[in-house]
Amino acid sequence: MALPAMYRRMRVAKLSTQFRDAVEIVTQPMPTPGPGELLVRNRYIGINASDVNYTAGRYNPGTAPPFNIGFEAVGQVVRTGGSDCGDIKEGDAIAIMYDGSFSEYNVVPARRTFRLPRLDAGYVPLLVSALTAAISLEELGDLAPGKTVLVTAAAGGTGQFAVQVAKAAGCKVLGTCSTDEKVRFLRELGCDHAINYKTEDLKKVLRDEYPAGVDCIYESVGGDTFDTCVKSLATHGNLIIIGFITGYENDLGFPMGRYAGMPPMLLRRSASVRGFFLFHHTKKWKSHFLQLASLYEQGKLKSLVDDGSQSGRAPFRGIDSIPDAVEYLYSKQSQGKVVVDLWKDEPSAGTRSRL
Ligand code: NAP
Ligand code: X1H
């Protein structure tokens, strides 16, 4: 397969929480993979809330721009670096968890990839988003049949999997979201109680309908939502801090919750609050990905992809549309995982699927 001499890459040119202001696209010569590496032509790239933490320089404090960006992709192997690439061959479809995915081509270590049966956008959400839900709930959730689990931003990239993982563990699952369409999606996922926090008062619903509290909370919103969640923990309950999206675009600090009564409340209920960061759990990625992909292929796990077209806009296609896709995620309109198809001139594979 002949390769072009040059390719386009997005990189962070200046530190900013405003994604569009932070990035630039550069044209570079095609690289050659070394031993144990693969040259991949990225097709579907995953957008994450934390892409703006990356452009703000929060991941690698002290590292000056320019640096590459993007955590994950699904693409096609176009060159192998010879030895140490396992059984991966040219032409194979692979899923990749490695830096620098916001690029038409990328050199990646073979050990950070998983072979796929086909190029399918539905595998992108099984990377960062589903792995975060599956590993954090296994490690920290203390789930058991009959327990109650509350998922915030439940119709989002990672929330959709937290709902399904908790259901599969036999739990009663509550999910929050901001539109009635998302409420319908959450019910399709098996969510027992979908709460539209724009039309219902979350605090009141939890107080009135769950007076004994919630056993486990998968919390990714932060601020007032975090405070409300902490106050609704059951005795021996646990809250997992997955993120605090309300603070990411803010340069002035993080609205991490201002609930002064938190220490006595946690003590009185023997409850706990713990943080989870996926990149501290790399050893668990492979086994969990293989399990998630198998469930997806059997139709037992839904993986919703959103390419923007459901909201009446043109689907995100090509590297230039990545800033639009990040802004779409921050608009609160997206459902499931926001994905960009970088193969702009190929026929679309239809990236918003309810599988
Ligand atoms: P996402 O959930 O697909 O998108 C964001 C959603 O969050 C929105 O659709 C919106 O849904 C909700 N939201 C609530 N307040 C918001 C606000 N002020 N601004 C924007 N959105 C708001 O995004 P994601 O990439 O899957 O990330 C979700 C969370 O998981 C983030 O906190 C992220 O950092 C975290 N995460 C953590 C890890 C880890 O390793 N700890 C890994 C992956 C993701 P509603 O309709 O519900 O408001
Ligand atoms: C080495 O471990 C980390 C962990 C988190 C390095 C950086 C971060 C980070 O920037 C993040 C982050 C990453 C992923 C995600 O989904 C959410 C968040 S929130 C966050 C962060 C931002 C500013 C801080 O002062 C602390 C954490």
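Preceding block: the structure.
Residues numbered from 1 in each chain as written. Chains lettered and ligands numbered in written order. Predicted model: local features only at pLDDT ≥ 70, side-chain atom pairs only at ≥ 80, totals over all residues. Heavy atoms only, no water.

Explain the sheet that holds strand S4 (residues 67-68) to me, using residue names and the numbers behind them.
The antiparallel open sheet is built from three strands, whose spatial order is S2-S1-S4. Two strands in the sheet have a free side with no partner beyond their single neighbour: strand S2 (23-29) and S4. Note: strand S1 (residues 6-12) against S4, two bridges, orientation antiparallel. In the sheet register, Arg-11 faces S4, and the bridge partner there is Asn-68. (Pairing = 2+ DSSP bridges. Helix = DSSP H or I, 4+ residues; strand = E, 2+ residues; numbered from the N terminus.)

So, the site of ligand 1: which residues are in play, and what are the values?
In the vicinity of ligand 1 there are 29 residues, among which Ser-178, Lys-182, Tyr-197, Tyr-248 and Phe-276 approach most closely. Contacts to ligand 1 include Thr-158, whose backbone N or O atom sits 3.0 Å from an oxygen atom. Mapped by element, the contributors of at least two residues to the shell around ligand 1 are helix H3 (128-140), strand S10 (172-177) and helix H10 (322-330). Residues belonging to the shell around ligand 1 are distributed by class as follows: 15 nonpolar, 12 polar and two charged. (Near = heavy atom within 4 Å. Polar contact = N/O pair within 3.5 Å; in protein donor to acceptor, adjacent residues only side chain to side chain. Nonpolar A, V, L, I, M, F, W, Y, C, P; charged D, E, K, R; others polar.)

Summarise the nonpolar core; cite the residues concerned and give the values.
Within the largest apolar cluster, 89 residues are counted, with the highest numbers of intra-cluster contacts made by Phe-19, Ile-47, Leu-126, Leu-186, Phe-289 and Ile-322. With near-sequence residues (within four places) excluded, Phe-289 lies in contact with Ala-95, Phe-114, Leu-116, Tyr-123, Leu-126, Leu-127 and Leu-131. (Core = buried A, V, L, I, M, F, W, Y, C linked by side-chain atoms within 4.5 Å. Buried < 20%, exposed > 50% of the residue type's maximum accessible area, 1.4 Å probe, protein only. Contact = heavy atoms within 4.5 Å.)

How would you explain the environment of Asp-224 if you had to name every residue and give the values?
Note on placement: Asp-224 falls in helix H7 (residues 223-231). Classification of Asp-224 as exposed rests on a relative accessible area of 52%. Along the primary structure Asp-224 and Phe-316 are separated by 92 residues, whereas in three dimensions their C-alpha atoms are 32 Å apart.

Before we move on, can you summarise helix H4 (residues 159-168) with the specific residues and values?
Burial runs high along H4: seven of the 10 residues are buried. Along H4, the positions that sit buried rather than exposed are Gly-159, Gln-160, Phe-161, Ala-162, Val-163, Gln-164 and Ala-166.

Go over helix H5 (residues 180-188), please, and point to the residues and values.
Here H5 has its buried residues at Lys-182, Val-183, Phe-185 and Leu-186. All buried residues of H5 lie within an arc of 160° about the axis, which places them on one face of the element. With respect to the buried face of H5, the exposed residues turned more than 90 degrees away are Arg-184 and Arg-187. Looking at the buried side of H5, the elements it contacts are H4, S10 and strand S11 (193-196). Phi turns positive one or two residues past the end of H5, at Gly-190, with a value near 100°. (Arc of directions from axis to C-beta.)

Give a description of the packing of aromatic side chains that names residues and reports values.
According to the stated counting rule, one finds 14 aromatic pairs in the structure shown. Pairing Tyr-54 with Tyr-59 gives two aromatic rings, centres 5.0 Å apart and planes at 50°, and the pair type is tilted. A residue is classified by how much of its surface remains accessible, and Tyr-54, at 7% relative accessible area, is buried. Judged by relative accessible area, Tyr-59 falls into the partly exposed class, the value being 26%. Pairing Phe-71 with Phe-279 gives two aromatic rings, centres 5.7 Å apart and planes at 40°, and the pair type is tilted. Of this pair, Phe-71 sits in the loop between S4 and strand S5 (72-80) while Phe-279 sits in the loop between strand S14 (272-275) and helix H9 (285-297), and the two are 208 residues apart along the sequence. Owing to a relative accessible area of 5%, Phe-71 belongs among the buried residues under this scheme. We classify Phe-279 as partly exposed; its relative accessible area is 24%. Grouped by ring-pair contacts, the aromatic residues Tyr-54, Tyr-59, Phe-67, Phe-71, Phe-277, Phe-279 and Trp-285 constitute a single cluster. Arg-41 extends its terminal NZ or CZ atom over the ring of Trp-343, reaching a point 4.0 Å from the ring centre. (Phe/Tyr/Trp six-rings, centres within 6.5 Å; stacked < 30°, edge-to-face > 60°. Lys NZ or Arg CZ within 6 Å of the ring centre and 35° of its normal.)

For the pattern of salt bridges, give the residues involved together with the corresponding values.
Under the defined criterion, the tally for this structure stands at 18 salt bridges. With a closest N to O distance of 3.5 Å, Asp-92 and Lys-89 form a salt bridge. Here Asp-142 makes a salt bridge to Lys-147, at a shortest N to O gap of 3.7 Å. Accessibility expressed as a relative area gives 53% for Asp-142, which makes it exposed. Judged by relative accessible area, which is 26%, Lys-147 ranks as partly exposed. A cluster of three or more residues bridged by salt bridges with shared partners is formed by Asp-87, Lys-89, Asp-92 and Arg-115. (Salt bridge = Lys/Arg side-chain N within 4 Å of Asp/Glu carboxyl O.)

Residue-level account of the state of the cysteines, with values.
If you walk through the whole model with that rule in mind, you get zero disulfides. With no disulfide of its own, Cys-177 lies 8.1 Å from the sulfur of Cys-191, the closest cysteine sulfur. When its relative accessible area of 4% is taken as the criterion, Cys-177 is described as buried. For the unlinked cysteine Cys-229, the closest cysteine sulfur is that of Cys-216, found at 11 Å. (Disulfide = S-S within 2.5 Å.)

Run through the sheet that holds strand S9 (residues 148-151), naming residues and quoting values.
In spatial order, the strands read S11-S10-S9-S12-S13-S14; together these six strands make up an open sheet with parallel pairing. Looking at which strands have only one partner, the edges of the open sheet turn out to be S11 and S14. Pairwise comparison of adjacent strand axes, ignoring direction, gives a mean angle of 15° for this sheet. Here four bridges tie S10 to S11, and the two strands are oriented parallel to one another. Looking across to S11, one finds that Gly-175 is bridged to Ala-194. Packing of helix H6 (residues 202-209) onto the sheet brings it into contact with S9, S10, S11 and strand S12 (214-219), and relative to S11 it is tilted by some 145°. (Axes fitted to C-alpha atoms, helices over the stretch in contact; angles between N-to-C directions.)

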